[in-house]
Amino acid sequence: MKRRFILVAIALLVACAFAMAEEAIMIDFSQLTADIIAGPDGKMTENRRTVMDYSNVAGASFTDQQKALMRTSLAIDNWEVELNSSARNVKSVSVSKAQTSPVSQNAKNFAGQNVIGIRVNFPTWNSNANAFVKPPFEIPSYEPMAQVADDGTVQQPTAEEKASQKSRFEDGYGVVKNVAVIKSIAVNTYGMNFPHALYVVLKNENNEEQRYFMGNLLFDGWKTLTWQNPEYVSEVRTREVRLYPVYPTAFPYQKFMGLLICRDAAHAGGDYVGYFKDVKIIYDKAVLNTIRDFNDEDLWGINTQKENERKQLEVSRFGGIQVLRFLEKEKMASEKGFTPSKGSAAAAAQPANP
C-alpha cells in the first residue's frame, strides 16, 4: 500500500512537470461587438455573451421598465478611460474614450474585424500622466455559462452548460482559469508613433493586481508587444514542484483588469490615438485536467457557496455605480436648444400641434 502511494505521488510530480506552455486568449476585443438591445438610434448597445444585470441591487423604488434598462456588458463602447489626477481636467475627461473601430477590408491584418480604439487627451504641460482603459465592471470569475435572450435576460444554465464548468467570461472574454505561472504575455496593437508606455493589468484569485510592462508604442502599424517572465524556470529539475489540491480549492486564475497607457513628462502631450485587437498569455497549468469518478461540487457545494458570496459582493459594487449612472442619465437635459419665444418669427415658422 505504501509503495503504491509513492508511485502515485511520483506520477503526479511527473505529470505536473509536463503541464507547461499552455496558450490562451485573455481577451479578444473583436468578440465584444454589440449585438443585442437596440438604443434610441437603432444601433445595438450590448454584447450578448457578457451581459450583466444589476437591477437586483437597484432597490424597490424603480419600475419594471427602468429595471429592464439596468443591464450592461463588455461591449467595446462601454469601456472607460480613467485618467490619473495630473491628467484629469474637464476637456480631457470629456474627449478621452474608447469606441468600436472597424479594420479596413483591405488591411493585411484583421481585415473587417472590430477592435477597440482609444483616444486619450494628455496634458500639454510637463507632467507624468496615465490613462487606464478598463471594462465597465470588474470581469467576474464566477459567472456560469448560460444563454442570453435578445432582451439581455440571462437564462438558467442547462445541464450541459453546468457540466462544462466554464464561465461566460472564458475563451477570450477576460478570464483564464487554471493558471499557475505566467510565462509570457502578448498584445496585438496598432501603433501610431507615440512614445507612451503600455502596461497590461491582471488580477489573480487572491485579488492581487499586477502590472506587466509591454514596451512603448513608438511604431507605426500592427505589432505584437511581448512580455517575457524573467523568473520563469524552464528546466524541470530546478523548479519548485507544487501540487494543488483538486477539490475544494478553486483553480488559480487570471482576469483582465485593463490597459495602462503612460505618458512621460519629457514627452509631448496632447491627443493619443491607438487600437488594440487582443491580449494572450502562455502559462503553466496549476492542475492537470483529469476525469473524475465523483462530481465533487454536486456532492458538497463548497465552491458554489464561496462563488455566490463573491458574486453578491462584486455585483453590489458595480451595480451600485451603474444605478447612480442610470439616475444621472435620467436627470440630464435632453433638449438640443431653446424653444422659440412666443410671438417670434421662429415660433411662427414651427408647425402647429395637431
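None of these values were measured; they are calculated from a predicted model.

## Considering the overall build of the chain
- When helices and strands are counted, the chain shows seven helices and 16 strands.
- For the chain, with 354 residues in total, the buried portion stands at 39%.
- Intrachain contacts of the chain at a sequence separation of at least 6 include 74% that bridge at least 24 residues.
- As displayed, the chain offers around 21000 Å² of accessible surface, 53% of which is attributable to carbon and sulfur atoms.

## Describing the pairing of strand S8 (residues 114-122)
- In terms of residue burial, S8 counts as a mostly covered element, since eight of its nine residues are buried.
- Sheet topology places S8 next to strand S16 (residues 270-285); seven bridges connect them, and they run antiparallel. The residue of S16 that forms the bridge with Asn121 is Asp271.

## Digging into the side chain of Lys255
- Locating Lys255 in the fold gives a position in strand S15 (residues 253-263).
- Since its relative accessible area comes to 1%, Lys255 is described here as buried.
- Within the structure, the side chain of Lys255 is placed 2.8 Å from the backbone oxygen of Ile139, a separation counted as a polar contact.

## Structural notes on the environment of Leu260
- Position of Leu260 relative to the elements: it lies in strand S15.
- Here the alpha-carbon distance between Leu260 and Phe213, two residues 47 residues apart in the chain, equals 9.2 Å.
- Ignoring any residue separated from it by four or fewer positions in sequence, one finds Leu260 in contact with Asn130, Ala131, Phe132, Ala197, Leu198, Tyr199, Val201 and Arg211.

## With respect to the confidence of the model for the chain
- Summarising the model, the chain shows a mean pLDDT of 84, and 84% of its residues fall at 70 or more.
- Confidence over residues 1-19 falls short of pLDDT 50; this stretch has 11 contacts with residues more than four positions distant or in other chains.

## Some remarks on unusual backbone geometry
- Phi at Asn178 takes a positive value of approximately 65°, unusual for a residue other than glycine.
- Within the element layout of this structure, Asn178 appears in the loop between strand S10 (175-177) and strand S11 (179-192).
- With a relative accessible area of 6%, Asn178 lands in the buried category.
- One non-glycine residue, Asn207, lies in the positive phi region at around 60°.
- The topology assignment puts Asn207 in the loop between strand S12 (197-204) and strand S13 (209-216).

What counts, and where the lines are drawn
- Residues numbered from 1 in each chain as written.
- Predicted model: local features only at pLDDT ≥ 70, side-chain atom pairs only at ≥ 80, totals over all residues.
- Heavy atoms only, no water.
- Helix = DSSP H or I, 4+ residues; strand = E, 2+ residues; numbered from the N terminus.
- Buried < 20%, exposed > 50% of the residue type's maximum accessible area, 1.4 Å probe, protein only.
- Contact = heavy atoms within 4.5 Å.
- Areas by Shrake-Rupley, 256 points an atom, 1.4 Å probe, with all protein chains shown as cover.
- Pairing = 2+ DSSP bridges.
- Polar contact = N/O pair within 3.5 Å; in protein donor to acceptor, adjacent residues only side chain to side chain.
- pLDDT = per-residue confidence, 0-100.

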